[in-house]
Amino acid sequence: MADPMNVLLIARVSRDNTGEERSVDEQLDELHGWARREGWHVAHVIRELGSASRFSQRRSRNEFAEAVRWIESGRIDAVLMWEASRITRDLGVYAELRETCAKHNVKYGYDGTLYDFAERDDRFRTGIDALLAEDEVARTSERVRRAVAANVSAGRPNGKSTWGYRRLYDPETKALREIVPDPVSGPLVREAFRRFLGGETMHAIATDWNRRGIPPRRPKRSDRDPAPWGSYAIKEILRNPTYAALRTHNGVIAGAAIWPALIQQSAFDDVQKRLADPSRRRDPSAWGPGSLLTGTARCGEDGCRARMRMGYNNASYRAATGTARRQYRTYVCANGAHVAVKQVWADAVVVEHVLSRIEHPDFLAALHDIEDAGAERRRELMAEIDDHMTWLSRVRERAEAERNVDLLFEIESSVRPKINKAQVELKRLTSASPAVVALASESDVRSAWTTLDLPAQREIIRTLIDVTFHRARQKGARGVLSTLDRTEIRWRVDG
């Protein structure tokens, strides 16, 4: 008796206004039933939450890549799904999947039928189904674009309701009947424009709204979120043409809207002029990084740079420890949530690594081993200094043996200026940052480090090393030891 087939089940969620779509759980119930009836073994299940359409993909389809890995692994004999569109509605992706299945002798099943891509008829039938699925998506996309264009032309809304307004719908047809000012948030919009035109800052308005306990425009995502209102939120309100009854499309004003204005267009225009006033902009130099590794450390996942984020200890931590809500700073990825490292631990690990190396006696010499235009001259000067130091050492031994202090003083007075002159030129020719050379020349490196300002410390770190933060090996790992394990440091100057 042949061994039962090993099958991979794929279920994908999708929205459909007709109500005919099946949930992921329903799809999997059918697929498991199919496998049981045929006596197949379910090797793995993929629950896909992304879109199979090329028109609506907003993130990489990791689940599709996982399916391909299973097909190539040799551990499955068939891929099963509820219908053809559950894995892709893109002909290009279908073609890739078909060739991968054919290459690894993996069958392809949907709608209760198992297909073999080695058979011409099966390739034709599945290709027709994939073409129809892609065409249906294209039709839907075209209808959506036409509807959006019609709404823009008529000044009607798309998407979610804007804070400050309410939408009234017909109770029977569910059609939009009217858009009216919200009795609670509408006056707040007018207040924001009035106070800003009166000379108040966005920060002052946000602080006052937080003090008054005004709910945010959107629910807080977690207990770690900062205060509901900030300058950025007030600025979004002030820059929104919707409040002047202007319809926008792709960030451009397209014409008048059907809803009433909360503020006059003249007032809206005055606010935009004030927001665009160059005198409001701070000197870019005043926005320098406020932490040691911001913009220099990198993420170990895709190399994006670190930025600083303010965080708060969460509710479970406070319940367990009984401590009050407190702030802490964390380095996170600038382009995603790949890694997060607490600043105090990351800075401690990096600073200790750098200072320990700078304190080493051979560090200054290592700075001069870099191959560049001045490398040959530096080697000559280092050899000259070494010869002078060797000669002084011999003279000291002779003076000690003869108890002739005058001899030592005489040679020292003639040779020491030559050493100092060579060292000055050597420092001038070094390709390392002057801040690095100055720190390495100090007798007490650690004390000198504490006297440096942040820009100087950042210059030294950036010159000497590349820092990469990796994911924690274990979820929830924290502390200096965990940070040390996650931090990769590569020396630029002396390996």
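Residues numbered from 1 in each chain as written. Predicted model: local features only at pLDDT ≥ 70, side-chain atom pairs only at ≥ 80, totals over all residues. Heavy atoms only, no water.

A. Summary view of the overall build of the protein. In terms of regular secondary structure, the protein is built from 17 helices and 15 strands. Within the protein, buried positions represent 38% of all 495 residues. Nonlocal contacts in the protein, meaning residues at least 24 apart in sequence, comprise 61% of its contacts between residues at least 6 apart. (Helix = DSSP H or I, 4+ residues; strand = E, 2+ residues; numbered from the N terminus. Buried < 20%, exposed > 50% of the residue type's maximum accessible area, 1.4 Å probe, protein only. Contact = heavy atoms within 4.5 Å.)

B. Layout of the sheet that holds strand β14 (residues 465-469). Across the sheet, which stays open at both edges, the three strands sit in the order β10-β14-β15 with mixed pairing between neighbours. The open sheet terminates on both sides in strands that have one partner only, identified here as β10 (298-299) and β15 (487-491). Note: β10 against β14, two bridges, orientation parallel. If you follow Cys299 over to β14, its bridge partner there is Phe469. Packing of helix α10 (residues 343-358) onto the sheet brings it into contact with β14 and β15, and relative to β15 it is tilted by some 30°. Where helix α16 (residues 454-464) meets the sheet, its contacts fall on β14 and β15, and the angle it forms with β14 comes to roughly 90°. (Pairing = 2+ DSSP bridges. Axes fitted to C-alpha atoms, helices over the stretch in contact; angles between N-to-C directions.)

C. Highlighting the confidence of the model for the protein. Considering every residue of the protein, the mean pLDDT works out to 78; 76% of them sit at 70 or more. Within the protein, the element-level pLDDT minimum falls on helix α9 (residues 315-321), averaging 54, and the maximum on helix α5 (residues 185-197), averaging 94. Taken as a whole, residues 50-60 scores under 50 in pLDDT and shows 23 contacts with residues more than four places along the chain or in a different chain. (pLDDT = per-residue confidence, 0-100.)

D. Inspection of a nonpolar patch on the surface at higher detail. Taken together, Phe124, Ile128, Leu131 and Leu132 make up a surface patch of nonpolar side chains, about 400 Å² in accessible area. With respect to the element layout, Ile128 can be found in helix α4 (residues 120-154). (Patch = residues over 30% accessible without salt bridge, like charges linked within 9 Å, V, L, I, M, F, W, Y side chains within 5 Å. Areas by Shrake-Rupley, 256 points an atom, 1.4 Å probe, with all protein chains shown as cover. Salt bridge = Lys/Arg side-chain N within 4 Å of Asp/Glu carboxyl O.)

E. Expanded view of the side chain of Thr100. Turning to its location among the elements, Thr100 is positioned in helix α3 (residues 91-103). With near-sequence residues (within four places) excluded, Thr100 lies in contact with Val68, Ile71 and Glu72.

F. Looking closely at the packing of α10 against α16. One way to put it is that α10 packs onto α16 with a least axis distance of 11 Å and a crossing angle of 75°. In terms of their interaxial angle, α10 and α16 are classed as roughly perpendicular. On α16, the residues touching Val350, Val354 and Ile358 of α10 are Ile460, Ile461 and Leu464. Each residue belonging to the contact of α10 with α16 can be placed in one class, and the counts come to six nonpolar, no polar and no charged. (Parallel < 35°, antiparallel > 145°, perpendicular 65-115°, else oblique. Nonpolar A, V, L, I, M, F, W, Y, C, P; charged D, E, K, R; others polar.)

G. Inspection of α16 at higher detail. Among all positions in α16, only Ala456, Gln457, Arg458, Ile460, Ile461, Thr463 and Leu464 are buried. Near the N-terminus of α16, the side chain that reaches the backbone nitrogen of Ala456, with its oxygen 3.0 Å away, is that of Asp453. (Polar contact = N/O pair within 3.5 Å; in protein donor to acceptor, adjacent residues only side chain to side chain.)

H. Inspection of the environment of Ile385 at higher detail. Within the secondary structure layout, Ile385 lies in helix α12 (residues 375-402). On the accessibility criterion, Ile385 (12% relative accessible area) is buried. Remark: the alpha-carbon pair of Ile385 and Ala422, spanning 37 residues in sequence, is separated by 6.7 Å.

I. Inspection of the packing of α5 against helix α6 (residues 202-211) at higher detail. At a minimum axis separation of 10 Å, α5 and α6 run at an interaxial angle of 140°. Every pair of crossing elements has a handedness; the one defined by α5 and α6 is right-handed. Contact residues: Leu188, Glu191, Ala192, Arg195 and Phe196 in α5; Met202, Ala204, Ile205, Asp208 and Trp209 in α6. Across the contact of α5 with α6, the residue classes break down as seven nonpolar, no polar and three charged. (Left-handed = near helix turned anticlockwise from the far one by under 90°.)

J. Local environment of the environment of Glu200. Along the chain, the position of Glu200 falls in the loop between α5 and α6. With a relative accessible area of 30%, Glu200 lands in the partly exposed category. Other than its neighbours up to four places away in sequence, Glu200 contacts Arg195 and Ile205. A polar contact is formed between the side chain of Glu200 and the side chain of Arg195, at a distance of 2.9 Å.

K. Inspection of the pairing of strand β3 (residues 78-81) at higher detail. With burial as the criterion, each face of β3 is covered, one bearing Ala78 and Leu80 and the other bearing Val79 and Met81. As defined by bridge partners, strand β1 (residues 6-12) adjoins β3 across four bridges and the pair is classed as parallel. Bridge pairing in β3 links Val7 to Ala78. In this sheet, strand β4 (residues 107-110) lies alongside β3 in parallel orientation, the contact comprising four bridges. Along β4, the bridge assignment pairs Met81 with Tyr110.

L. Layout of the pattern of salt bridges. Counted by the stated rule, this structure contains 16 salt bridges. The residue Arg195 makes a salt bridge to Asp208 at a minimum N-O spacing of 2.8 Å. Separated by 13 residues along the polypeptide, Arg195 in helix α5 and Asp208 in helix α6 bring together distant segments of the chain. Given a relative accessible area of 14%, Arg195 falls into the buried group. A salt bridge links Arg490 to Asp466, with the nearest nitrogen and oxygen atoms 2.2 Å apart.

M. Representation of the packing of aromatic side chains within the structure. On inspection of all chains with the given rule, the structure shows twelve aromatic pairs. Grouped by ring-pair contacts, the aromatic residues Tyr165, Phe193, Tyr243, Trp259 and Phe268 constitute a single cluster. We note Arg75 situated over the ring of Trp70; from NZ or CZ to the ring centre the distance is 4.1 Å. Here Lys342 stacks its cationic end above the ring of Trp345, 4.6 Å away from the centre of that ring. (Phe/Tyr/Trp six-rings, centres within 6.5 Å; stacked < 30°, edge-to-face > 60°. Lys NZ or Arg CZ within 6 Å of the ring centre and 35° of its normal.)

N. Up close: unusual backbone geometry. For Asn105, which is not glycine, the phi dihedral falls at a positive 55°. Tracing the sequence through the fold places Asn105 in the loop between α3 and β4. The class of Asn105 is exposed, set by a relative accessible area of 55%. Backbone geometry at Asp111 places phi at a positive 55°, although glycine is not the residue there. Along the chain, the position of Asp111 falls in the loop between β4 and β5 (113-115). Owing to a relative accessible area of 54%, Asp111 belongs among the exposed residues under this scheme.

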